[in-house]
Amino acid sequence: MASIDNKSDVASVQKGKNWKDAETGNDDHKLQKDTFFKKFGGMLMALAASFFFSVSFLIVKILGSHGFKAFGCSVLFNLGVIVPCLIGILWHEKGPKAHERCSLFKEIWPLSISSNKTALTFLVLQGTLQGLSVILRSFSLRYMTMGDMTVIVFSSPVVTNFIAHFLVGEPCGIFFVFTAILTLCGVGLITKPPFITGSSSFDHNTLIGSALAVGAMLCLSTKFAVTRKIKETHYLLMTLFLGGCGFLISFPLFLAFEDISSIVPKRWEDYVLVGGLLSAFFSIACINLALKNEDAGPVALIRSCDVIFAFLFQYIFLSVVPDTLSGIGAAIVVSGVFLTGLRKWMMTRSAKDESD
């Protein structure tokens, strides 16, 4: 009997050991996954944001040729952000194991807490800037190609450095001034100045489209600087305010200046295109996640793919080939943003090394 008991005990110990090893293996696997996401998650999210932003504004460009106007496209874009976001928030607040998660709204409610009031103010400001940017980009696509608009708006990281210098006290030296001048030269080429093209004056449509795109770029630059003030806010709450404020701005303007019937899909292609604007949610959610999980420098480097996707999509779907000035201007702008991102990445790495 003693022998049997000893064998039973040995078997139990061995079984427990195997179970423990399996559990440890699962923990190790989970740790490896967490480590991978911490290392590369932010950059993967930035790449996804570039893809979905390009898809969203490709759809806005195509909808324009289908009779949809700028304010109407802005309304649909923001609805594409709000609807999936509300589903995500509902799942977070009322879904499985919701009681184990903190409420998203604890960061803005009650308003009697000073930090909540500050967070709400910055969320509204950020959403307003995003909404204005979407409207300006939608209008600019009526006057210029998708690639040229994307290049101008893409220069926002360079301008963000100057705004962040005054807003949050980030350093801004001679190098960033140089890259800003370089980037502005690239934007200037895209406007096709008469002394280069040999024309008697600026092209009217190109000048209007460029001005609208520059306005969108300034709104985005300020928005990115504001994002750094509320970096710890949950990405779903941030995305909700970005889409919600944009909708509250664009919808009254749509009712005032455009025909309500212009927003109603008339063909099956229109329904597919409008449904495709759900990509707007993924674009904004991904960029919020990227900025939360990665420094601004690497994100700016990866976002250079915006320009690549824009030129690629307009060639494939719109049969538009960029001219020489647009190509040179895009190369200069991408170089300026790339150098800015690389510099910020190096500064961040050296700061981390010093702290270690």
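Reading the values: the criteria
Residues numbered from 1 in each chain as written. Predicted model: local features only at pLDDT ≥ 70, side-chain atom pairs only at ≥ 80, totals over all residues. Heavy atoms only, no water. pLDDT = per-residue confidence, 0-100. Contact = heavy atoms within 4.5 Å. Helix = DSSP H or I, 4+ residues; strand = E, 2+ residues; numbered from the N terminus. Buried < 20%, exposed > 50% of the residue type's maximum accessible area, 1.4 Å probe, protein only. Polar contact = N/O pair within 3.5 Å; in protein donor to acceptor, adjacent residues only side chain to side chain. Core = buried A, V, L, I, M, F, W, Y, C linked by side-chain atoms within 4.5 Å. Salt bridge = Lys/Arg side-chain N within 4 Å of Asp/Glu carboxyl O. Expected span 1.5 Å × (residues − 1). Phe/Tyr/Trp six-rings, centres within 6.5 Å; stacked < 30°, edge-to-face > 60°. Lys NZ or Arg CZ within 6 Å of the ring centre and 35° of its normal. Axes fitted to C-alpha atoms, helices over the stretch in contact; angles between N-to-C directions. Parallel < 35°, antiparallel > 145°, perpendicular 65-115°, else oblique. Left-handed = near helix turned anticlockwise from the far one by under 90°. Nonpolar A, V, L, I, M, F, W, Y, C, P; charged D, E, K, R; others polar. Patch = residues over 30% accessible without salt bridge, like charges linked within 9 Å, V, L, I, M, F, W, Y side chains within 5 Å. Areas by Shrake-Rupley, 256 points an atom, 1.4 Å probe, with all protein chains shown as cover.

**Examining the confidence of the model for the protein chain**
Stage number 1. Here the protein chain shows a mean pLDDT of 85. Residues at 70 or above account for 87%.
Stage number 2. In the predicted structure, residues 6–31 sits below a pLDDT of 50 and forms 0 contacts with residues beyond four places in sequence or in another chain.

**Let's talk about the environment of Asp323**
Stage number 1. Locating Asp323 in the fold gives a position in the loop between helix H13 (305–318) and helix H14 (324–355).
Stage number 2. Its relative accessible area of 35% is what places Asp323 among the partly exposed residues.
Stage number 3. Remark: the alpha-carbon pair of Asp323 and Ile190, spanning 133 residues in sequence, is separated by 9.6 Å.
Stage number 4. Polar contacts involving the side chain of Asp323 include one to the side chain of Lys192, which spans 3.5 Å.
Stage number 5. At 3.4 Å, the side chain of Asp323 forms a polar contact with the backbone nitrogen of Leu325.

**Remarks on the nonpolar core**
Stage number 1. Within the largest apolar cluster, 59 residues are counted, with the highest numbers of intra-cluster contacts made by Phe57, Leu63, Phe77, Met149, Val151, Leu277 and Ile287.
Stage number 2. For this core, the element with the most residues is helix H1 (residues 2–65), which contributes 12 residues.
Stage number 3. The residues touching Phe77, leaving out its near neighbours within four places in the chain, are Ser56, Phe57, Gln130, Val134, Leu277, Ala280 and Ile284.
Stage number 4. The next biggest cluster of nonpolar side chains, apart from the first, holds 11 residues, and it includes Ala119, Phe122, Leu129 and Val226.

**A short note on the pattern of salt bridges**
Stage number 1. Counting across every chain of the model gives 4 salt bridges.
Stage number 2. Between Asp270 and Arg267 there is a salt bridge; the shortest N-O distance is 3.9 Å.
Stage number 3. Look at Asp270 and you get buried, because its relative accessible area is 1%.

**Considering helix H11 (residues 279–293)**
Stage number 1. Between its first and last C-alpha, H11 extends 21 Å over 15 residues, near the 21 Å set by a 1.5 Å rise per residue.
Stage number 2. Among the 15 residues of H11, 12 are classified as buried, and the element is accordingly described as predominantly covered.
Stage number 3. All buried positions along H11 are accounted for by Ser279, Ala280, Phe281, Ser283, Ile284, Ala285, Cys286, Ile287, Asn288, Leu289, Ala290 and Leu291.

**Remarks on the packing of aromatic side chains**
Stage number 1. If you walk through the whole model with that rule in mind, you get 13 aromatic pairs.
Stage number 2. Summarising the aromatic geometry, the rings of Phe251 and Phe254 are spaced 6.3 Å apart at their centres and angled 35° between planes, so their arrangement reads as tilted. You can see Phe251 and its partner Phe254 sitting in helix H9 (residues 235–257), 3 residues apart, about one turn around the helix.
Stage number 3. For Phe251, a relative accessible area of 32% puts it in the partly exposed group.
Stage number 4. Connected via pairs of aromatic rings, a cluster forms that spans Phe51, Phe52, Phe281, Phe282, Phe309, Phe313 and Phe317.
Stage number 5. The ring centre of Phe175 lies 5.7 Å from the NZ or CZ of Arg343, which sits over that ring.

**Remarks on the packing of helix H2 (residues 70–94) against H11**
Stage number 1. Direction vectors running N to C along H2 and H11 enclose 75°, while the axes themselves pass 7 Å from each other. Considering their axes alone, H2 and H11 lie roughly perpendicular with respect to each other. Counted together, Phe77, Gly80, Val81, Pro84 and Cys85 of H2 and Ala280, Phe281 and Ile284 of H11 form the full contact between these two elements.

**Looking at the environment of Val272**
Stage number 1. With respect to the helices, strands and loops of the structure, Val272 is situated in helix H10 (residues 268–276).
Stage number 2. The class for Val272 is exposed, based on a relative accessible area of 52%.
Stage number 3. Along the backbone, Val272 and Ile59 are 213 residues apart, and their C-alpha atoms lie at a distance of 9.7 Å.

**A short note on the packing of H2 against helix H3 (residues 114–140)**
Stage number 1. In the contact formed by H2 and H3, the axes pass within 9 Å of each other and the chain directions differ by 135°. Judged by the inter-axis angle, H2 sits oblique to H3. The crossing of H2 and H3 is right-handed. Where H2 approaches H3, its residues Ala70, Phe71, Cys73, Ser74 and Phe77 are matched on the opposing element by Gln130, Val134, Ile135, Ser138 and Phe139.
Stage number 2. Here the residues of the contact of H2 with H3 are counted per class, giving 7 nonpolar, 3 polar and no charged.

**Regarding unusual backbone geometry**
Stage number 1. Geometrically, the link from Trp109 to Pro110 is a cis peptide bond, its omega value of 5° lying close to zero.
Stage number 2. Of note, Pro110 is situated in the loop between H2 and H3.
Stage number 3. Phi angles above zero are rare outside glycine, and Lys192 is one such case at about 55°.
Stage number 4. When you line up the elements, Lys192 lands in the loop between helix H6 (174–190) and helix H7 (194–197).

**Quick look at the environment of Pro157**
Stage number 1. When you line up the elements, Pro157 lands in helix H5 (residues 156–167).
Stage number 2. For Pro157 and Leu220, which are 63 residues apart along the polypeptide, the C-alpha to C-alpha distance reads 8.7 Å.

**Considerations on a nonpolar patch on the surface**
Stage number 1. Where nonpolar side chains cluster on the molecular surface, the patch consists of Leu312, Tyr315, Ile316, Phe317 and Val321 and spans about 540 Å² of accessible area.
Stage number 2. Structurally, the position occupied by Ile316 is in helix H13.

**Brief notes about the side chain of Ser326**
Stage number 1. Inspection of the secondary structure puts Ser326 in helix H14.
Stage number 2. Of note is the side chain of Ser326, whose polar atom sits 3.2 Å from the side chain of Lys192.
Stage number 3. In this structure Ser326 touches Asp148, Lys192 and Phe311, once residues within four positions along its chain are discounted.

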